[in-house]
Amino acid sequence: MDDMIRYSVITEKNPREIVLLRGSGCVWKKCAFCDYHMDASPDAAANFALNRAVLAQVTGKFAKLEVINSGSFCDLDEQTMQEIERVCQETGIKTVHFECHWMHRKEIPALRARFDALGIQTRLKIGVETFDRAYRETILHKGIGVSDPAQIAALFDECCLLFGLSGQSAASMQHDVETGLANFDRVCINVMVENTTEIKPDPAVIRTFCEQVAPNYRDDPRVDILMENTDFGVGGTV
């Protein structure tokens, strides 16, 4: 039985409902810091049954819905995608946020067209983690083979950054946030937490972030700061 919390409401900074759905699993699976891809199943029918129950909790309270699924939107089965459409229409959702890995960027235009036809705006989020390409690809293995932030942002609206890693500094983190804000509508900062990977949080870097970087953006309406990966209210257990 799934005991993960998969629905929540975000009331601060871009208020919206959020659902954590389950898909077939991240195709990339090479990010050195990530074990989210473990929340997946090859059983499309079982995924749909779970996702339908989660989506049934959506009320349309803020007319905005964020859909995450420990991977990319294209990992969700077609029945789930149709259920998202139905729920959005029935509850008055006008904007729906999805996440997507760089490798699936060519599938974004079709997704936007699909929801545009329903009068629903889509916002796409990509996990960039850092705009330092050498660090991003050599250490984190993100699989984003370009350096220009504008090129990355061409198909995406929002980005995620990952802080609290060895080798990062106040200056590098500040630069990442400012680069994100200059190229994307919104930035979501995730602070590294202990997980099953070999990449570990660096307490000294986290302290530097909290003391020298976070205060600059704590009240910025375009910046979300997650000190824990469950701060949006999903991902924990009942």
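Here we summarise the structure given alongside this text. In this text the structure is predicted, and so the values were computed from the model without any measurement.

Cut-offs used in this document
- Residues numbered from 1 in each chain as written.
- Predicted model: local features only at pLDDT ≥ 70, side-chain atom pairs only at ≥ 80, totals over all residues.
- Heavy atoms only, no water.
- Helix = DSSP H or I, 4+ residues; strand = E, 2+ residues; numbered from the N terminus.
- Rg over C-alpha atoms; globule rule 2.2 N^0.38 Å.
- Buried < 20%, exposed > 50% of the residue type's maximum accessible area, 1.4 Å probe, protein only.
- Contact = heavy atoms within 4.5 Å.
- Areas by Shrake-Rupley, 256 points an atom, 1.4 Å probe, with all protein chains shown as cover.
- Lys, Arg positive; Asp, Glu negative; His and termini not counted.
- Charge placed at Lys NZ, Arg CZ, Asp CG, Glu CD.
- Phe/Tyr/Trp six-rings, centres within 6.5 Å; stacked < 30°, edge-to-face > 60°.
- Lys NZ or Arg CZ within 6 Å of the ring centre and 35° of its normal.

### Regarding the overall build of the protein
Alright, step 1. Along the backbone of the protein there are 7 helices and 8 strands.
Alright, step 2. Here the C-alpha atoms of the protein give a radius of gyration of 17 Å, agreeing with the 18 Å that 2.2 N^0.38 yields for 238 residues.
Alright, step 3. Along the first, second and third principal axes, the C-alpha set of the protein runs to 45 × 35 × 35 Å.
Alright, step 4. The burial tally for the protein puts 53% of its 238 residues in the buried class.
Alright, step 5. Long-range pairs, those at least 24 residues apart, make up 77% of the contacts in the protein with a sequence separation of at least 6.
Alright, step 6. As displayed, the protein offers around 10,800 Å² of accessible surface, 53% of which is attributable to carbon and sulfur atoms.
Alright, step 7. Positive and negative side-chain charges in the protein, numbering 25 and 35 respectively, have mean positions lying 3 Å apart.

### Here's the deal with the packing of aromatic side chains
Alright, step 1. Under the counting rule described, the total for this entry stands at 5 aromatic pairs.
Alright, step 2. Arranged with centres 6.3 Å apart and planes meeting at 35°, the rings of Phe131 and Phe184 form a pair that is tilted. Here the residue Phe131 occupies a position in the loop between strand 5 (121-129) and helix 4 (133-138), and Phe184 occupies one in the loop between helix 6 (170-183) and strand 7 (186-191), the gap between them amounting to 53 residues.
Alright, step 3. For Phe131, a relative accessible area of 10% corresponds to the buried category.
Alright, step 4. On the basis of relative accessibility, which here comes to 2%, the residue Phe184 falls in the buried class.
Alright, step 5. Taken together, the ring pairs in this structure connect Phe73, Phe98 and Phe115 into an aromatic cluster.
Alright, step 6. One cation-aromatic arrangement involves Arg16 over Phe232; the distance from NZ or CZ to the ring centre is 5.1 Å.
Alright, step 7. Here Lys30 stacks its cationic end above the ring of Trp28, 4.6 Å away from the centre of that ring.

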